Amino acid sequence: MNVLHFVSAFFSDSAHWHGYDGIPTRVWEHVQYSLEALAFAAAIGLPVGLVTGHYGRGGNVLSLVATAARALPTFGLLVVTTIVLGFGMLPVMIPLVILAVPPILVTTYEAVRSVDPSPVDAARGMGMRESDVLLRVELPVALPLIFGGLRSAAIQIVSTATIAAYVSLGGLGRYIVDGLYQHDYEKVVGGAALVAGLALVTLGLFWAAARAAVSPGVRRGN
């Protein structure tokens, strides 16, 4: 039996579309976990990246922190946090946020640092405050790259949020973990296909959001 047969059999089974273990329920759980992790990561990475990028300080430290965070094994971190904190959402959120912060942080820093200094100097010459220079001059120009960092983080989270199933939570990882335990490879392949599909949807949503939020002039310049 090939992969396409497994996928077809999984999605054509009406039992997979209803109840607490149905596809709509598991997709919604996965989306909730992903949105929560992305919100926490953005709340950490965006402000730090914007401020350090604006002042041009701490770039080496950010790079070191990002490299160290990327080197941490997500599943291993999940095991450690579960042992320390017990079962629940917090042990899942910690490794997902640590995974997502580096691309947001580093990309935001680099985005602000790459802004043409001429309009920044002109804004300062006009007497604008530093916060206004950052938010009204640098941020609009840096938005395309910032969206790129958020998109990368979101896709990594969506792809990795399957770890929630290993600590008895829901999401699409439930199909993969349960399928492996039950030797039900139709369920395993179907769950993996859903994760891949959700990642593609995430990619499309961020593309649309960037088109809506970034001014046409800045898009043409990039």
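The structure under discussion appears in the preceding block.
Residues numbered from 1 in each chain as written. Predicted model: local features only at pLDDT ≥ 70, side-chain atom pairs only at ≥ 80, totals over all residues. Heavy atoms only, no water.

Colleague: Please provide a residue-by-residue account of the environment of Gly190, values included.
Modeller: Counting through the fold element by element, Gly190 comes out in helix H9 (residues 185–213). Gly190 sits in the buried class, given a relative accessible area of 0%. A sequence separation of 96 residues divides Gly190 from Ile94, and the C-alpha atoms of the two residues are 27 Å apart. Excluding residues that lie within four positions of it along the chain, Gly190 makes contacts with Phe10 and Phe11. (Helix = DSSP H or I, 4+ residues; strand = E, 2+ residues; numbered from the N terminus. Buried < 20%, exposed > 50% of the residue type's maximum accessible area, 1.4 Å probe, protein only. Contact = heavy atoms within 4.5 Å.)

Colleague: Give a detailed account of the nonpolar core, specifying residues and quantitative values.
Modeller: If you look at the biggest cluster of nonpolar residues, it comprises 41 residues, and the most contacted ones within it are Leu38, Val92, Leu96 and Ile104. Those elements that provide at least two residues to this core are helix H2 (23–55), helix H5 (90–113), helix H6 (117–125), helix H7 (130–160) and H9. Excluding anything up to four places from it in sequence, Val92 contacts Leu78, Ile163, Ala164, Val167 and Leu169. With nine residues, the next largest nonpolar core counts Val158, Val195, Leu198 and Ala199 among its residues. (Core = buried A, V, L, I, M, F, W, Y, C linked by side-chain atoms within 4.5 Å.)

Colleague: Can you lay out the pattern of salt bridges for me, pointing to particular residues and giving the numbers?
Modeller: Here the structure, examined in full by the defined rule, presents five salt bridges. The residue Arg26 makes a salt bridge to Glu29 at a minimum N-O spacing of 2.9 Å. With Arg26 and Glu29 both in helix H2, this residue pair falls three residues apart, about one helical turn. For the residue pair Arg26 and Glu29, the accessibility class agrees, reading buried in each case. The closest approach of N and O atoms between Arg129 and Asp132, which form a salt bridge, is 3.4 Å. For Arg129, a relative accessible area of 57% corresponds to the exposed category. In this structure, a network of salt bridges that share partners links the residues Asp21, Arg26 and Glu29. (Salt bridge = Lys/Arg side-chain N within 4 Å of Asp/Glu carboxyl O.)

Colleague: Describe H7, with residues and values.
Modeller: Helix length check: H7, at 31 residues, gives a terminal C-alpha distance of 38 Å against a target of 45 Å (1.5 Å per residue), a shortfall beyond 12%. Of all the bends found along H7, the most pronounced is centred on Leu139 and spans about 60°, while Pro140, a proline, follows it within four residues. (Expected span 1.5 Å × (residues − 1). Bend = angle between axes of the 7 residues up to and from the residue.)

Colleague: For unusual backbone geometry, give the residues involved together with the corresponding values.
Modeller: Of all residues except glycine, most have a negative phi; of all peptide bonds, most are trans. One non-glycine residue, Ser168, adopts positive backbone phi at about 70°. Topologically, Ser168 is positioned in the loop between H7 and helix H8 (173–182). On the accessibility criterion, Ser168 (60% relative accessible area) is exposed.

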